[in-house]
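Structural features, examined
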Amino acid sequence: MLNAVKSEFYKIRKNRIFYVCSAMVILAISWLVFKEFISSTPTCDFGKWVHFSNIFSSLFLSIASGFILTFLIQHEYEHKTIINVLTAPTSRVTFIIAKLVIWLLWYILILGISIIILLIGGSVLFQDNFGMSEIQLIFSMVAKTRILSFVATTPLLLVAILQKHSFYPTIMCAIGFAGIELFALILPIKFSCMIPWSAVMLVGSEIPSVYLIRALVVIFLSGILGVLGACFVFKKQNQ
């Protein structure tokens, strides 16, 4: 497994799409902080600022994540290297898990940088009342919801396997998942907690425990089914 992950890392470390997608997310979050800093009417409520930053970052991170995963899978078909995997005696599940690990590591790295930017931005914009409770709010809202968002969007892995050479389905699904996540703001809670991608936003809010449990169940169910589905389909795939 470790060798498979190392192999995937060597494949992508010199590819520009990883740097472009990473820069897109980092610059978007940085612009959000800078815009607030130069605004003539800055936000006075720290909680609202963090909530908006979380929504803003979710959109860019979800779309960039879709591009990253599409590259991880699609370039194997485009350059015919997938044939080596399909004909080799090694486990196909290991191939899928290695892709998932690289995808997750990139996601955590960019998420970590985004949180650092928000922490620095929050300490500058709200320096008079920025303390441990504000730091905890950023971690509890942004870090928690973005990690759960990754779990909820793992069905993209299945879409990427099914699409083979086509580039667009995974990207469109990633945008669709991000859109559904934003719809959680206007959907009734009893509906949004039953949809994995909208349920993510509820976890970062104060909601009754019954809805919180439902939201967590559907999120992790989506993640499990996404990974298992991708492994099952790839094991049945010939070329």
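Residues numbered from 1 in each chain as written. Predicted model: local features only at pLDDT ≥ 70, side-chain atom pairs only at ≥ 80, totals over all residues. Heavy atoms only, no water.

Things to note about the overall build of the protein chain
- In terms of regular secondary structure, the protein chain is built from eleven helices and zero strands.
- For the protein chain, the succession of helices and strands along the chain, N to C, is α-α-α-α-α-α-α-α-α-α-α.
- Its C-alpha atoms give the protein chain a radius of gyration of 19 Å, near enough to 18 Å, the size a compact globule of 239 residues would have.
- Each principal axis of the C-alpha distribution contributes one length, and for the protein chain these read about 60 × 40 × 30 Å.
- Burial status across the protein chain gives 46% buried among its 239 residues. (Helix = DSSP H or I, 4+ residues; strand = E, 2+ residues; numbered from the N terminus. Rg over C-alpha atoms; globule rule 2.2 N^0.38 Å. Buried < 20%, exposed > 50% of the residue type's maximum accessible area, 1.4 Å probe, protein only.)

Examining the packing of aromatic side chains
- A complete count under the given rule lists twelve aromatic pairs for this structure.
- Every member of this aromatic cluster is reached through a ring pair, and the members are Trp31, Phe52, Phe56 and Phe60. (Phe/Tyr/Trp six-rings, centres within 6.5 Å; stacked < 30°, edge-to-face > 60°.)

What to know about the confidence of the model for the protein chain
- In this model, the protein chain carries an average pLDDT of 84, and 91% of its residues clear a pLDDT of 70 or more.
- Mean pLDDT across the secondary structure elements of the protein chain bottoms out at helix H4 (residues 82–87), with 65, and peaks at helix H11 (residues 209–236), with 91. (pLDDT = per-residue confidence, 0-100.)

As for H11
- If you check H11, its first and last C-alpha atoms are 40 Å apart, about what 28 residues at 1.5 Å a residue would give, namely 40 Å.
- For H11, the full list of buried residues reads Ala215, Val218, Ile219, Ser222, Gly223, Gly226, Val227, Gly229, Ala230, Cys231 and Phe234. (Expected span 1.5 Å × (residues − 1).)

Considerations on the side chain of threonine 153
- One can find threonine 153 in the loop between helix H6 (132–152) and helix H7 (155–163).
- When its relative accessible area of 8% is taken as the criterion, threonine 153 is described as buried.
- Other than its neighbours up to four places away in sequence, threonine 153 contacts Trp103, Phe177 and Trp197. (Contact = heavy atoms within 4.5 Å.)

Details of the nonpolar core
- If you look at the biggest cluster of nonpolar residues, it comprises 64 residues, and the most contacted ones within it are Ile96, Trp103, Trp106, Ile138 and Ile219.
- Looking at which element gives the most residues to this core, the answer is helix H5 (residues 92–125), with 14 residues.
- Those residues in contact with isoleucine 138, other than ones at most four positions away along the chain, are Phe46, Val50, Ile115, Leu118, Leu119, Phe130 and Ala143. (Core = buried A, V, L, I, M, F, W, Y, C linked by side-chain atoms within 4.5 Å.)

What about a nonpolar patch on the surface?
- A cluster of nonpolar side chains, contributed by Phe34, Phe37, Ile38, Ile116, Ile120 and Val124, occupies part of the molecular surface with about 620 Å² of accessible area.
- At the level of elements, helix H2 (16–38) and H5 are the ones that each hand at least two residues to the nonpolar patch.
- Residue position: valine 124 is located in helix H5. (Patch = residues over 30% accessible without salt bridge, like charges linked within 9 Å, V, L, I, M, F, W, Y side chains within 5 Å. Areas by Shrake-Rupley, 256 points an atom, 1.4 Å probe, with all protein chains shown as cover. Salt bridge = Lys/Arg side-chain N within 4 Å of Asp/Glu carboxyl O.)

Here we look at the packing of helix H3 (residues 46–78) against H6
- Running from N to C, H3 and H6 cross one another at 25°; their axes reach a closest spacing of 10 Å. Taken together, the axes of H3 and H6 lie roughly parallel to each other. Viewed along their axes, H3 and H6 form a crossing whose handedness is right-handed. Two secondary-structure elements touch here, H3 through Phe46, Gly47, Val50, His51, Asn54, Ser57, Ser58, Leu61 and Ser62 and H6 through Glu134, Leu137, Ile138, Met141, Val142, Thr145, Arg146 and Ser149.
- A per-class count over the contact of H3 with H6 returns seven nonpolar, eight polar and two charged. (Axes fitted to C-alpha atoms, helices over the stretch in contact; angles between N-to-C directions. Parallel < 35°, antiparallel > 145°, perpendicular 65-115°, else oblique. Left-handed = near helix turned anticlockwise from the far one by under 90°. Nonpolar A, V, L, I, M, F, W, Y, C, P; charged D, E, K, R; others polar.)

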